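# An overview of the molecular structure
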Amino acid sequence: MLARTVTPVQVRFQDVDMAGHVHHGVYASYFETARITFLGQFIPANHDWSREGLVLARLETDYRGAVHLRDHVEVETWCSRLGERSFDLEYALFVTRDGERRLCTEGRTVMVGYDLVERRARDLPEAWRNALITLINAS
């Protein structure tokens, strides 16, 4: 099991604004793509998301440099905090251009366990918490 995942992200033409760089609103979808890769380490592909899942309670983004259409982009993702009902995921978005890899964006999300039937926050499933503990300890 990996502690940190690395997810390649394709920059699409529609992601780029008039200034020629990725629009600030697109980074949330890049983090979402990376989050799915990370969660796939311990949430089965056939999980029933209509009953029990996660909601995003907070999203923070810090921009360090511009990302452009033809850039090679990767997002590293890891868990930095674990509570009873929530956990934090950290994101580091890197661009490789002309053989140089550099940090362009950092982010954090707070994910909360959620019961979709009762529509309320809930403790994280024990299997998920145990997997996250293992991932944090492996970091």
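Residues numbered from 1 in each chain as written. Predicted model: local features only at pLDDT ≥ 70, side-chain atom pairs only at ≥ 80, totals over all residues. Heavy atoms only, no water.

### Focus: unusual backbone geometry
What counts here: Here a strand is any run of E in DSSP of at least two residues, a helix any run of H or I of at least four, and the numbering for each starts at the N terminus. Relative accessibility thresholds used throughout: buried, under 20% of the residue-type maximum; exposed, over 50%; partly exposed, between the two (1.4 Å probe, protein chains only).
Positive phi values are uncommon outside glycine, yet Asp 98 reaches one of about 55°. Secondary-structure assignment places Asp 98 in the loop between strand 4 (86-97) and strand 5 (100-115). For Asp 98, a relative accessible area of 79% translates into the label exposed. Positive phi outside glycine occurs at Arg 119, with the angle close to 55°. Residue position: Arg 119 is located in the loop between strand 5 and strand 6 (120-121). Among the residues examined, Arg 119 registers a relative accessible area of 64% and is labelled exposed.

### What to know about the nonpolar core
How we decide: To qualify as a nonpolar core, a set must consist of buried Ala, Val, Leu, Ile, Met, Phe, Trp, Tyr and Cys residues joined through side-chain atoms within 4.5 Å. Should any heavy atoms of two residues lie within 4.5 Å, those residues are considered in contact.
Tyr 30, Phe 38, Phe 42, Leu 54, Val 67, Phe 87 and Leu 93 are the most contacted members of the largest nonpolar core, which has 29 residues in total. Those elements giving two or more residues to this core turn out to be helix 1 (27-39), strand 3 (72-82), strand 4, strand 5 and helix 2 (126-138). Of the residues forming this core, the biggest block, six residues, is contributed by helix 1. Those residues in contact with Leu 54, other than ones at most four positions away along the chain, are Leu 39, Ile 43, Trp 49, Phe 87, Met 111, Val 112, Gly 113, Tyr 114, Leu 124 and Trp 128.

### Here's the deal with the environment of Val 112
Its location among the elements puts Val 112 in strand 5. What makes Val 112 buried here is its relative accessible area of 15%. With 12 residues separating them along the chain, Val 112 and Glu 100 place their C-alpha atoms 36 Å apart. Excluding residues that lie within four positions of it along the chain, Val 112 makes contacts with Gly 53, Leu 54, Val 55, Ala 57, Arg 85, Ser 86 and Ala 121.

### Looking at the environment of Tyr 91
Tracing the backbone shows Tyr 91 in strand 4. Each C-alpha atom, one on Tyr 91 and one on Val 9, is 13 Å from the other, the two residues being 82 residues apart in sequence.

### What to know about helix 1
How we decide: Multiplying 1.5 Å by the helix residue count minus one yields the expected span of that helix. When we speak of the arc, we mean the arc of directions from the helix axis to the C-beta atoms.
For helix 1, which comprises 13 residues, the first-to-last C-alpha distance of 18 Å matches the rise-based estimate of 18 Å (1.5 Å per residue) to within 8%. Taken residue by residue, helix 1 has Tyr 27, Tyr 30, Phe 31, Ala 34, Arg 35, Phe 38 and Leu 39 as its buried positions. Buried residues of helix 1, viewed axially, fall in a sector of 165°; they line one side. Elements that come into contact with the buried residues of helix 1 comprise strand 1 (5-9), strand 2 (52-63), strand 3, strand 4, strand 5 and helix 2.

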